[in-house]
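So you can see what is in the structure, the chains are spelled out below.
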Amino acid sequence: MIGGGFPVGAFAGRADVMKVMDPNETPLRLPHSGTFSANPITMTAGYTAMMDFDESAVLALNELTALAVAQVKEAIQIADVPMSISGSGSMFRLHPRTTTPISYRKAYQGKKEKAVMVKILDHLFYKENIIMVNTGTAMFSTVITQKEVDQLSEGLLNAFKANREELIEVQDNPRGK
């Protein structure tokens, strides 16, 4: 978001901690540079994106993400696969199990779970032209529309159907023992 679609990173801290990297200080105690540091195009794009990211944009984004989650849940039901989905706001994650994890430890994926997620994500990439993070996590942005939500839910439905047997097998033996 802060890069307006361009690669960028940011970090922050207390003023006394950040002061060691202040280029206006003499002597500069800890110089900090990087490939995208102060890139004028990235900073302009990020500034513009942040100016448009107001409360109504956040509410609309979260509403669209909630709709996407509902459509993915419907795809899970239609494909009749042991999958669940967790998340909040504009982020969500797929889990190859029927019970939605409620903690980091519970979200851990065993060998077989990881293997079936790779198959699902490969299907999305190679057959549906969709890229998802290797954990099955998605973070929506304000440029996402209903069209992309429909493409994602349809792609996931196809991926779930194509990997139904493996998903059922994983449900019976999630840690790959």
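Draft legend 1. Geometry of the overall build of the protein. Check the secondary structure of the protein and you find 7 helices and 3 strands. Along its sequence from the N terminus, the protein presents helices and strands in the succession α-α-α-β-β-α-α-β-α-α. A burial count over the protein gives 33% of its 177 residues as buried. Excluding contacts between residues fewer than 6 apart, the proportion of contacts in the protein whose partners are at least 24 apart in sequence is 60%. Total accessible area on the protein stands at roughly 11,600 Å², and carbon and sulfur atoms take up 57% of it. Computing the positive centroid from 18 side-chain charges and the negative centroid from 19, the protein places the two 12 Å apart.

Draft legend 2. Here's a closer look at the layout of surface pockets. Of the volumes computed, that of the largest pocket is approximately 310 Å³. Taken together, 10 residues line the largest pocket, and the ones lying closest to its centre are Val8, Gly9, Ala10, Ser37 and Ala38.

Draft legend 3. Just the pairing of strand β1 (residues 84-88), in detail. Where β1 and strand β2 (residues 91-95) come together, 5 bridges link them in antiparallel fashion. Opposite Ile85, over in β2, you have Leu94 as the bridge partner.

Draft legend 4. Summary view of the packing of aromatic side chains. Summed over the entire model, instances satisfying the criterion amount to 2 aromatic pairs. Measuring from centroid to centroid gives 5.5 Å for Phe92 and Phe140, while their planes differ by 80°, and the two rings are edge-to-face. Here Phe140 lies in the loop between β3 (137-139) and α6 (146-162) and Phe92 lies in strand β2, a separation of 48 residues in the sequence. Under the relative-accessibility criterion, Phe92 is labelled buried at 1%. Residue Phe140 is classed as buried on the basis of its relative accessible area, which comes to 11%.

Draft legend 5. How the structure looks around the nonpolar core. Residues Met83, Leu94, Met132 and Phe160 are the most contacted members of the largest nonpolar core, which totals 30 residues. Contributing elements (two or more residues each) for this core: α3 (55-79), β2, α5 (111-128), α6 and α7 (164-172). The biggest single contributor to this core is α3, with 8 residues. Apart from residues no more than four positions distant in its own chain, Met83 is found in contact with Ile76, Leu94, His95, Pro96, Arg97, Thr98, Met117, Ile120, Phe160 and Leu167.

Draft legend 6. How the structure looks around α5. With 18 residues, α5 should cover 26 Å at 1.5 Å per step; its first-to-last C-alpha distance of 25 Å lies within 8% of that length. Next to the buried residues of α5 lie β2, α6 and α7. Of the residues one or two after α5, Asn129 is the one with positive phi, at around 60°.

Draft legend 7. Quick look at the sheet that holds β2. Spatially, 3 strands are ordered β1-β2-β3 in an open sheet, and the strand pairing comes out antiparallel. Of all the strands in the sheet, just β1 and β3 have a single pairing partner and so form its edges. When the angles between neighbouring strand axes are averaged without regard to direction, this sheet yields 15°. The pairing of β2 with β3 spans 3 bridges and is classified as antiparallel. Considered in β3, the bridge of Met91 is made with Met139.

Rules of the game
Residues numbered from 1 in each chain as written. Predicted model: local features only at pLDDT ≥ 70, side-chain atom pairs only at ≥ 80, totals over all residues. Heavy atoms only, no water. Helix = DSSP H or I, 4+ residues; strand = E, 2+ residues; numbered from the N terminus. Buried < 20%, exposed > 50% of the residue type's maximum accessible area, 1.4 Å probe, protein only. Contact = heavy atoms within 4.5 Å. Areas by Shrake-Rupley, 256 points an atom, 1.4 Å probe, with all protein chains shown as cover. Lys, Arg positive; Asp, Glu negative; His and termini not counted. Charge placed at Lys NZ, Arg CZ, Asp CG, Glu CD. 1 Å grid on protein atoms, 1.4 Å probe; cavity = no way out; pocket = protein on both sides within 12 Å on 5 of 7 lines; lining within 4 Å. Points joined across faces, edges and corners; volume = space filled by probe spheres on them. Pairing = 2+ DSSP bridges. Phe/Tyr/Trp six-rings, centres within 6.5 Å; stacked < 30°, edge-to-face > 60°. Core = buried A, V, L, I, M, F, W, Y, C linked by side-chain atoms within 4.5 Å. Expected span 1.5 Å × (residues − 1). Axes fitted to C-alpha atoms, helices over the stretch in contact; angles between N-to-C directions.

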